[in-house]
Amino acid sequence: MPQTNPFHSLVPRKLTDSELARSIRLNIEAELDAINLYAAHLDATDNEEAKAILRHVMDEEREHAALFWQLIARLDPAQAQHDRDASQKYRLITTGASHEEVEAVGEGGSVAEVDPELPKRLTVGSLRK
């Protein structure tokens, strides 16, 4: 039975953090692909024993993806900044901020500088009025 050569992807030098981050992104892609595959298998069976194993393995893949994402933040400072900005943008978007307020995040201004009252004044209820 043929086996994959475990040394086929070795490079003649150590990877830079940037190159390693690119490689880890591929690992994340593989983990997400596996999660989707196992979810499809769960949907395709009524076998409870198989479902239990699939759920367990799928959860492990989720953990791997999360760990890899944490590693990317360490290896790629620009990605880490985008992650921080995305959290702020998400909060602004879901509280009804304007496009301009959302896009101001990460462009030299902080959320507080954009509008310190924004989370207090915009709510789902206030948008209905």
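The rules behind the values
- Residues numbered from 1 in each chain as written.
- Predicted model: local features only at pLDDT ≥ 70, side-chain atom pairs only at ≥ 80, totals over all residues.
- Heavy atoms only, no water.
- Helix = DSSP H or I, 4+ residues; strand = E, 2+ residues; numbered from the N terminus.
- Buried < 20%, exposed > 50% of the residue type's maximum accessible area, 1.4 Å probe, protein only.
- Contact = heavy atoms within 4.5 Å.
- Lys, Arg positive; Asp, Glu negative; His and termini not counted.
- Salt bridge = Lys/Arg side-chain N within 4 Å of Asp/Glu carboxyl O.
- Expected span 1.5 Å × (residues − 1).
- Axes fitted to C-alpha atoms, helices over the stretch in contact; angles between N-to-C directions.
- Nonpolar A, V, L, I, M, F, W, Y, C, P; charged D, E, K, R; others polar.

**Comments concerning the overall build of the chain**
Here is step 1 of the chain: Across its full length, the chain holds 7 helices and 0 strands.
Here is step 2 of the chain: Starting at the N terminus, the α and β elements of the chain follow one another as α-α-α-α-α-α-α.
Here is step 3 of the chain: With 129 residues in all, the chain has 22% of them scored as buried.
Here is step 4 of the chain: Sequence separation of 24 or more characterises 44% of the internal contacts of the chain that already satisfy a separation of 6 or more.

**So, the side chain of Lys 51**
Here is step 1 of the chain: Turning to its location among the elements, Lys 51 is positioned in helix H2 (residues 48-75).
Here is step 2 of the chain: One buried charged side chain, Lys 51, makes no salt bridge at all; its nearest oppositely charged neighbour is Glu 48, positioned 4.1 Å away.
Here is step 3 of the chain: The contact partners of Lys 51, leaving out residues within four places of it in the chain, are Leu 42 and Thr 45.

**A short note on helix H1 (residues 17-43)**
Here is step 1 of the chain: Between the first and last C-alpha of H1 there are 39 Å, a value that for 27 residues agrees with the 39 Å anticipated at 1.5 Å per step.
Here is step 2 of the chain: Listing the buried residues of H1 in full gives Ala 21, Ile 24, Ile 28, Glu 31, Ala 34, Ile 35, Tyr 38 and Leu 42.
Here is step 3 of the chain: The inward-facing, buried residues of H1 contact H2.

**Some remarks on the packing of H2 against helix H3 (residues 77-94)**
Here is step 1 of the chain: Between H2 and H3, whose axes approach to 5 Å, the crossing angle comes to 115 degrees. Along its contact with H2, which presents Trp 69, Ile 72, Ala 73 and Leu 75, the element H3 presents Pro 77, Gln 79, Ala 80 and Asp 83.
Here is step 2 of the chain: Its residues assigned to classes, the contact of H2 with H3 comprises 6 nonpolar, 1 polar and 1 charged.

Distances and angles like these do not, on their own, reveal function.
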